[in-house]
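# Chain and residue survey
Listed here are the chains, written in short residue letters.
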Amino acid sequence: MYRVLERNALAADLYPPEIAQYAVHTLLRLDRYSEAKDMFLKYLAARYKLGTERDFEEDLVLSLRNMDLWEAEYAAYFAARERETDLTKRLYEYAVYESGFSDSYSGTEISPAAATQSAVNLAMIYSSTGNKDKALELYGRAQSRASDNFLKSEIMYRLACVYDAKKEEAAAVKSLEYCLYLNPGNGKARLLLQKFRK
């Protein structure tokens, strides 16, 4: 992979986007998080001239409209891993709600270009920062567009957790039952359901 990067370098730390995406993905699959993060942030800095006139994070947010969606999603992933909640939230909001739409769009539909997992991650951020209603809405939208039962089951489990936190037991039970219908092996859902059936 490093040979591919070397052969395709356009300048220091700058590669064609497809090559950079391949390299980050490969490093993460190999559990080489630090290398992936370092390579990706240097690539972003080189491609978008981040951190030259302002703070890197400020430049990153100001450059979102110029970025490819995969870049915004990976930037959000790395920010989340570093527990940078505000930055993570802004990056995922761009990826989920703003990418792929015109500048005048201000709705709450998930962008057709955004990964469903990005919507799930943003809903989790909303839930963990106290915006339960927004989390419920986004989990519902993400669940309806998820393509496989395993992911749908995980989303339904997370929905149930939010309903549980809001003391809405009937909705939590219904979500858990559907979760287990989709994936009978979801042990977390089975344990939470037992709590309600005692």
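Residues numbered from 1 in each chain as written. Predicted model: local features only at pLDDT ≥ 70, side-chain atom pairs only at ≥ 80, totals over all residues. Heavy atoms only, no water.

Along the backbone of the chain there are eleven helices and zero strands. Reading the chain from its N end, one meets helices and strands in the order α-α-α-α-α-α-α-α-α-α-α. Residues classed as buried in the chain amount to 45% of the 198 residues present. A separation threshold of at least 6 residues defines the contact pool for the chain, and within that pool the share at least 24 residues apart is 50%. A total of about 10,900 Å² of accessible surface is found on the chain, and carbon and sulfur atoms cover 49% of it. For the chain, the centre of its 28 positive side-chain charges and the centre of its 29 negative side-chain charges are spaced 7 Å apart. (Helix = DSSP H or I, 4+ residues; strand = E, 2+ residues; numbered from the N terminus. Buried < 20%, exposed > 50% of the residue type's maximum accessible area, 1.4 Å probe, protein only. Contact = heavy atoms within 4.5 Å. Areas by Shrake-Rupley, 256 points an atom, 1.4 Å probe, with all protein chains shown as cover. Lys, Arg positive; Asp, Glu negative; His and termini not counted. Charge placed at Lys NZ, Arg CZ, Asp CG, Glu CD.)

Take helix 6 (residues 85-98) next. Taking 1.5 Å of rise per residue, 14 residues should cover 20 Å, and helix 6 covers 19 Å from first to last C-alpha, within 8% of that figure. Each element contacted by the buried residues of helix 6 is listed here: helix 4 (56-62), helix 5 (69-81), helix 7 (116-128) and helix 8 (132-145). Immediately beyond the C-terminal end of helix 6, within one or two residues, lies Gly 100, with a positive phi of roughly 85°. (Expected span 1.5 Å × (residues − 1).)

This part covers the packing of aromatic side chains. Counted by the stated rule, this structure contains ten aromatic pairs. Ring centres of Trp 70 and Tyr 74 lie 5.9 Å apart, and the angle between their planes is 80°; this geometry places the pair in the edge-to-face category. Remark: Tyr 74 and Trp 70 occur in helix 5; sequence separation between them is four residues, near one turn of the helix. The exposure classification of Trp 70 matches that of Tyr 74, with both residues buried. Look at Tyr 178 and Tyr 181: their rings are 6.1 Å apart centre to centre, the planes differ by 15°, and that puts the pair in the stacked class. On the criterion of helical spacing, the pair formed by Tyr 178 and Tyr 181 is a turn pair, its members being three residues apart in helix 10 (residues 169-182). When its relative accessible area of 34% is taken as the criterion, Tyr 178 is described as partly exposed. We classify Tyr 181 as exposed; its relative accessible area is 65%. (Phe/Tyr/Trp six-rings, centres within 6.5 Å; stacked < 30°, edge-to-face > 60°.)

Right, let's get into the environment of Leu 176. Relative to the helices and strands, Leu 176 resides in helix 10. Sequence spacing of Leu 176 and Pro 112 is 64 residues, and the spatial spacing of their C-alpha atoms is 27 Å.

By themselves, these observations are geometric and do not establish any function.
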